[in-house]
Amino acid sequence: MTGEFRTAKGWRIFIYIFSPLIIGLCVYVGFITLSSETSDLTISLILIPVSLGGTIMFTYGLIETTKGRLIIGANSISRLSVLGTKTLDFQEIKGFRADRN
């Protein structure tokens, strides 16, 4: 059995629609915090890292949805990711556990 599997189509559509909106919101919150003259320093120290972290996280998720794949080959299982490829040969797999579910 060989095949190439991606994120489900419904989830991809959801991520393609809402990730750019959330990325834009995070960037907007970061710029508003920096440009506002009345903002408090403690609020800025909290919102800027949260904004930067949200932007990085949702950008990574969007790229991972586009490029990520699980590939089952004749002799191995591979996971293509933004950060690289991980391959596991079938000979390295000792077995699996099955329960009633």
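Located above this text is the structure these notes cover.
Thresholds, definitions, all that
Residues numbered from 1 in each chain as written. Predicted model: local features only at pLDDT ≥ 70, side-chain atom pairs only at ≥ 80, totals over all residues. Heavy atoms only, no water. Helix = DSSP H or I, 4+ residues; strand = E, 2+ residues; numbered from the N terminus. Rg over C-alpha atoms; globule rule 2.2 N^0.38 Å. Buried < 20%, exposed > 50% of the residue type's maximum accessible area, 1.4 Å probe, protein only. Contact = heavy atoms within 4.5 Å. Axes fitted to C-alpha atoms, helices over the stretch in contact; angles between N-to-C directions. Parallel < 35°, antiparallel > 145°, perpendicular 65-115°, else oblique. Left-handed = near helix turned anticlockwise from the far one by under 90°. Patch = residues over 30% accessible without salt bridge, like charges linked within 9 Å, V, L, I, M, F, W, Y side chains within 5 Å. Areas by Shrake-Rupley, 256 points an atom, 1.4 Å probe, with all protein chains shown as cover. Salt bridge = Lys/Arg side-chain N within 4 Å of Asp/Glu carboxyl O. Expected span 1.5 Å × (residues − 1).

Colleague: How do you make sense of the overall build of the chain when you look at a structure like this?
Modeller: Secondary structure summary: the chain contains two helices and four strands in total. Put simply, the chain runs from its N terminus to its C terminus through helices and strands in the order β-α-α-β-β-β. Whereas a compact globule of 101 residues would reach a radius of gyration of roughly 13 Å, the chain reaches 20 Å, over 25% beyond that. Projecting the C-alpha coordinates of the chain onto the three principal axes gives extents of approximately 60 × 30 × 25 Å. The buried share of the chain, reckoned over its 101 residues, is 17%. Restricting to contacts in the chain with at least 6 residues of sequence separation, those with at least 24 account for 42%.

Colleague: Is there a simple way to think about the packing of helix H1 (residues 9-35) against helix H2 (residues 41-67) in this case?
Modeller: A pair of packed helices can be characterised by two numbers: the angle between their axes and the separation between those axes. Taken N-terminus to C-terminus, the directions of H1 and H2 make an angle of 155 degrees; their axes are 8 Å apart at the nearest point. The orientation of H1 with respect to H2, classified from their angle, is roughly antiparallel. Read as a crossing pair, H1 and H2 show a hand that is left-handed. Residues Arg12, Ile15, Tyr16, Ser19, Ile22, Ile23, Cys26, Val27, Val29, Gly30, Thr33 and Leu34 of H1 pack against Ser44, Leu47, Ile48, Ser51, Gly54, Thr55, Phe58, Thr59, Gly61, Leu62, Thr65 and Thr66 of H2.

Colleague: I keep staring at a nonpolar patch on the surface and nothing clicks. Help me out?
Modeller: Among the surface-exposed residues, Trp11, Ile13, Phe14, Ile17, Phe18 and Leu21 lie close enough to one another that they form a single nonpolar patch of about 640 Å² accessible area. Within the secondary structure, tryptophan 11 is located in helix H1. When its relative accessible area of 54% is taken as the criterion, tryptophan 11 is described as exposed.

Colleague: Would you mind showing me how to read H2 here?
Modeller: Because an α-helix completes one turn every 3.6 residues, residues spaced three or four positions apart along the sequence face the same direction. Taking 1.5 Å as the rise per residue, H2 with 27 residues should run 39 Å; its terminal C-alpha atoms sit 39 Å apart, in good agreement. Those residues of H2 lying buried are Ser44, Ser51, Gly54, Thr55, Glu64 and Thr65.

Colleague: What is the right way to look at the environment of glycine 30 in this model?
Modeller: Topologically, glycine 30 is positioned in helix H1. Here glycine 30 falls in the buried class, since its relative accessible area comes to 12%. For the pair glycine 30 and isoleucine 48, spaced 18 residues apart in sequence, the C-alpha separation works out to 5.3 Å.

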